[in-house]
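Residues per chain, in single letters:
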Amino acid sequence: PAPTPQYRPAYHFAPAAHWMNDPNGMVYLNGTYHLFFQYYPDGMSWGPMHWGHATSRDLLRWQEQPIALYPDKLGYIFSGSAVVDENNTAGFGKNALVAIFTHHDPEEEKKKTGKHETQSLAYSLDEGKTWTKYAGNPVLKNPGIPDFRDPKVSWNAQARKWIMTLATKDRITFYSSPNLKDWTKESEFGEQVGAHGGVWECPDLFPLTLDKKTYWVLLVNLNPGGPNGGSATQYFVGQFDGKTFRPQTNTTKWADYGPDEYAGVTFANTGNRCLFLGWMSNWDYAQQVPTAPWRSAMTLPRELGLRQVGKELYLTSAPVKEVASMVTSSRIRPLTNFNAGKASAAAQPLTDLAVKGEIDLLQQMQTQWRPQSRLQLRARQLQDMTLVLSNAQGEELLIGFDKKANQYFIDRSKAGPSGFSPKFAARHVAPRLSSAPAADLTLFFDAASVELFADGGLTAMTEIFFPSAPFTSLRLRPTPGLTLDSVEYTWLLTPTK
Ligand code: FRU
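Procedures and definitions
- The numbers attached to residues start from 1 for each chain and follow its sequence in the written order.
- Selection of residues for local features in this predicted model requires a pLDDT of at least 70, selection of side-chain atom pairs for listing and counting requires 80 or more, and totals for whole chains, interfaces and linings are taken over all residues.
- Hydrogens and water molecules were not included; the side-chain quantities draw on all heavy atoms of the structure.
- In this text, helices come from DSSP runs of H or I with a minimum length of four residues, and strands from runs of E with a minimum of two, each type numbered from the N-terminal end.
- Here the radius of gyration uses the C-alpha set of atoms, whereas the globule reference equals 2.2 Å times the residue count to the power 0.38.
- Only protein chains enter the calculation, and the probe is 1.4 Å; a residue is then buried if its accessible area is under 20% of its type maximum, exposed if over 50%, and partly exposed in between.
- When checking whether two residues touch, look at their non-hydrogen atoms; a contact exists if any pair is within 4.5 Å.
- Residue burial considers only the protein chains on display, and all accessible areas are found by Shrake-Rupley using a 1.4 Å probe.
- The positive count covers Lys and Arg only, the negative count covers Asp and Glu only, and His and the chain ends enter neither.
- Charged groups are reduced to one reference atom each: NZ for lysine, CZ for arginine, CG for aspartic acid, CD for glutamic acid.
- Whether a residue is near a molecule or strand depends on its heavy atoms: it is near if one of them lies within 4 Å of it.
- By the criterion applied in these results, polar contacts are pairs of N or O atoms within 3.5 Å in which, for protein atoms, one can donate a hydrogen and the other can accept it, and in which residues neighboring in sequence qualify only through two side-chain atoms.
- In this classification, the charged set is Asp, Glu, Lys and Arg, the nonpolar set is Ala, Val, Leu, Ile, Met, Phe, Trp, Tyr, Cys and Pro, and all remaining amino acids, among them Gly, are polar.
- Method remark: on a 1 Å grid restricted to protein atoms, a set of points is classed as a cavity if a 1.4 Å probe fits but cannot get out and as a pocket if it is open with protein on both sides within 12 Å along at least five of seven lines; lining residues have an atom within 4 Å of a point.
- Grid points are joined across faces, edges and corners, and a volume is the space filled by probe spheres set on the points.
- When DSSP finds two or more bridges between two strands, those strands count as paired.
- UniProt positions are given in the numbering used here, feature names are shortened, and annotations may be inferred rather than shown by experiment.
- For salt bridges, the criterion is a side-chain nitrogen of Lys or Arg within 4 Å of an Asp or Glu carboxyl oxygen.
- A score from 0 to 100, pLDDT tells how confident the predictor is in each residue.
- Nonpolar cores are built from buried Ala, Val, Leu, Ile, Met, Phe, Trp, Tyr and Cys residues. Side-chain atoms within 4.5 Å join them into one set.

On to the overall build of the protein, then. The helix and strand tally for the protein stands at 3 helices and 34 strands. Against the 2.2 N^0.38 benchmark of 23 Å for 497 residues, the protein shows a C-alpha radius of gyration of 23 Å, consistent with a compact globule. Dimensions of the protein, computed from the C-alpha atoms along their principal axes, are close to 70 × 50 × 40 Å. By residue count, 61% of the 497 residues in the protein fall in the buried class. Counted over contacts in the protein with a minimum sequence separation of 6, partners at least 24 positions apart contribute 61%. Accessible surface computed for the protein: about 19,300 Å², of which carbon and sulfur atoms make up 49%. Placing the 49 positive and 47 negative side-chain charges of the protein at their respective mean positions leaves the two points 3 Å apart.

Structure follows, in C-alpha cells:
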C-alpha cells in the first residue's frame, strides 16, 4: 500500500515501519525512558513477536532503537515488563536492567498441552542497548493454563520480595521471588469479579496515595469485552498485603472508555510519578487500519492519580506535564466570554448564539486547524454540546456531551471511509463520573487520533480516525444554558526528530 504520512503521529510513538502492538518493559533509567513494544519487523500485521525498542528523554520525542529481543528456540517474545535490579538480587550485575517476558512456543501450542506460554528473563548491562537471555529460561513453567502471560514485576517493600502479577486466562495470579529466578505462587484474584467478556491480559499492580492513605491499583486488560467493544483496560482499587489483592468494591471501572487504548501499563522506576501508556488501537480492527508503512501508535503517556466520587475510588489520567514543552505561547489562542464578544470576567450563557446554530471556533480564535493541536474547554455549566471537526469532503468527527444520558461521546461513524472493518465506524460513549455543574475538557489531536480527558481526568477516551482529506474546520454546536468560561486552541509543535 501507498505510504500515508498524513496519518503519522508527531508526538506519539509509532515505529518507522511494520507492525506494533503492546507497550512492554517500560522503565526509566538515568534520565532516559525506555519503551519496548510487541513488534513484527517482517510485516504489517501480527506475526512472530520481537521486542522493539524506543527511547525518550521527555516521553514525547521518541527515538527508535535496534530490536532488543528476537524469538528463540523457546518461542516468540510476548509481552512483559522490565525492572532495575538495584541490589543485584538476580546476580546479573548491580543496576542490571532485567526484562521478564512470556515465551510463546508456537510448536508446543500445536500440541494443545496448554503449556506453551512460560515466563523468561533477559538482562542488559548497558542501559538496554544489548541483551542477554538468561541461560536458565524459562524461570516459571506453565501448569497447563493456555493463557499464561504478560508478567508485570515490581519490588514489594512490605514483602521484601519481587511480586509478579500474571494474567492467567480468567484471573490474575500473583507470584513472589527473592531473585527474579525462583517464583512461588501467592494467590489468585478475579475469577468472580470484574469484566469477563474475553481473556485477561497485560495486568499491572501499583500503589497510589490519596489523602496520605495508600491504595493498590490492579489494572487488567481484557480482550474482547471492553465498554465500547473489543479490547480495553479495566481496573480495581483495593489493598495488597504482599500476598493477596482485595478490592474495595466490585464495581467494574475503565482506565480509558474509548475503543483505542489497550494493553496499557505503567513505567517502572519513576519514583512518585505513576506513568501509564497504552497501545492506541483495538484488536477488533488493528490489523486492517489504513496506515502504511507502519501499523499502530502508542497513546500519550499519562500520569495517574486517585479521586473519590461517592463511595468509589477512581483513577484520574492526565497527559504528562512534559506536554507543556510542545506549546509556544504565541500559538495559544485564549477566548473568554465569546458570547458577549467584549471583555468581561463573567461568562454569559450561549443562548443567542445557540439559536443561531453553530459557532466557528477557529474563526472566533483567528487561527487555523493543525493536525497536532490541543483544545481546552472550561464549562461553567455543562449542557448538551457537540464539537464538529470536518473537511471539505463533508466528513465529520463529533465529540461532545449528552446531558440526558450523562455521557461524553466520540462519533467517528462519518469521519472517513471505514470499509476496512465493519467494526470501525461507530459512536462511542463514556460515563461522566463527576456530578459538578462545571466541567473541563481537554482534547489532544495528533494526525489520526484524539484523546479526551474530562473532569480532571476522571473520564478518558481515546479514538483513532482516518479522514480521506485533512480536517480544516472546527465548530461548536451548543445548546441553551451551556456556559463556557474559556475555549483555548493550542498548536502543538511538531517535535524535531
Ligand atoms: C495483548 C497480547 C498479550 C500478548 C501479546 C502478543 O495485546 O495478546 O496478551 O502477550 O499481545 O503479541
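Let us look at the side chain of S449. As for its placement among the helices and strands, S449 is situated in strand β31 (residues 449–454). Judged by its relative accessible area of 2%, S449 is buried. Each residue touching S449, except ones within four places of it in the same chain, is listed here: H12, M280, F444, E463, I464 and F465.

The next subject is the site of the ligand. Within the structure, the ligand sits among N21, D22, Q38, W46, M49, F78, S79, R149, D150, E201, Y262 and W283. The contact in question runs from an oxygen atom of the ligand to an N or O atom on the side chain of W46, over 2.9 Å. For the ligand, whose free accessible area comes to 320 Å², the fraction covered by protein is 95%. A class-by-class count of the residues in the shell around the ligand yields 5 nonpolar, 3 polar and 4 charged.

Attention shifts here to the side chain of H103. With respect to the secondary-structure elements, H103 resides in strand β6 (residues 96–104). Looking at H103, the relative accessible area reads 0%, which means it is buried. In this structure the side chain of H103 is engaged in a polar contact, spanning 2.6 Å, whose partner is the side chain of S120. Sequence-distant contacts of H103, defined by excluding residues within four places in its chain, comprise D72, L74, G75, Y76, I77, H116, E117, T118, S120 and N137.

Counted according to the given criterion, the structure contains 4 cavities of 30 Å³ or more. Of the volumes computed, that of the largest cavity is approximately 140 Å³. If you trace the largest cavity, you find 14 residues lining it, with Y7, S296, A297, I464 and F466 closest to the centre. Here the lining of the largest cavity is built from residues that sort into 9 nonpolar, 4 polar and 1 charged. When its volume is computed, the second largest cavity comes out at roughly 70 Å³. In terms of lining, the second largest cavity is formed by P23, N24, S79, G80, S81, D150, P151, K152, C202, P203, A263 and V265. Per-class residue counts for the lining of the second largest cavity are 6 nonpolar, 4 polar and 2 charged.

Time to look at the sheet that holds strand β8 (residues 132–133). As summarised here, the arrangement of the 4 strands in space is β5-β6-β7-β8, forming an open sheet in which the pairing is antiparallel. On the outer flanks of this sheet lie β5 (76–85) and β8, each paired with one strand and no other. In terms of strand pairing, β5 meets β6 through 8 bridges, oriented antiparallel. Each residue of the ladder has a partner; that of A82, found in β6, is A99.

So, about the environment of Y123. Turning to its location among the elements, Y123 is positioned in strand β7 (residues 117–124). Residue classification places Y123 among the buried residues on the basis of a relative accessible area of 19%. C-alpha of Y123 to C-alpha of P3: the two residues are 120 residues apart in sequence and 36 Å apart in space.

On to the layout of surface pockets. Here the largest pocket defines a volume of roughly 850 Å³. In terms of lining residues, the largest pocket is bounded by 31 residues, among which S154, W155, P207, N269 and G271 are the most central. Elements with a contribution of two residues or more to the lining of the largest pocket: β5, β9 (148–156), β13 (199–210) and β14 (213–223). At 6 residues, the largest contribution of residues to the lining of the largest pocket is made by β13. Looking at the lining of the largest pocket residue by residue, the classes come out as 15 nonpolar, 11 polar and 5 charged.

For the rest of this paragraph, the subject is the pairing of strand β19 (residues 275–279). In terms of burial, β19 is largely enclosed, as 5 of its 5 residues are buried. Pairing geometry for strand β18 (residues 262–266) and β19, over 3 bridges, is antiparallel. Bridged to V265 within β19 is L277. Inspection of the sheet shows β19 paired to strand β21 (residues 302–309) by 2 bridges, in the antiparallel sense. Bridging across to β21, F276 finds its partner in R302.

Right, let's get into the UniProt feature "domain: Glycosyl hydrolase family 32 N-terminal" (unreviewed entry) in the protein. The UniProt record annotates "domain: Glycosyl hydrolase family 32 N-terminal" (unreviewed entry) at residues 12–315. Across residues 12–315, helical content stands at 2% and strand content at 51%; the span's end C-alpha atoms are separated by 22 Å.

With that out of the way, let us pick up the pattern of salt bridges. Going through the model one piece at a time under the given rule, you end up with 28 salt bridges. Across the pair D58 and R61 runs a salt bridge whose closest N-O atoms are separated by 2.7 Å.

Per-residue confidence for the protein averages 93 on the pLDDT scale, and 94% of its residues sit at or above 70. Confidence drops under a pLDDT of 50 for residues 337–347, and excluding neighbours within four residues, the segment shows 25 contacts in the predicted structure. Within the model, pLDDT remains below 50 along residues 351–355, and this stretch shows 8 contacts once partners closer than five positions in the same chain are excluded. This complex was scored by the predictor with a pTM of 0.96 and an ipTM of 0.99.

Once that is clear, we can look at the nonpolar core. Within soluble globular proteins, side chains that are nonpolar generally end up buried alongside one another. F174, L218, F245, L387, L397 and F445 are the most contacted members of the largest nonpolar core, which totals 54 residues. If sequence neighbours within four positions are ignored, L397 has contacts with L387, V388, L389, I410, D411, R412, A415, F445, V450, F465 and F471. Judged by nonpolar contacts, the second largest core, of 26 residues, contains Y40, M49, L59 and Y76.

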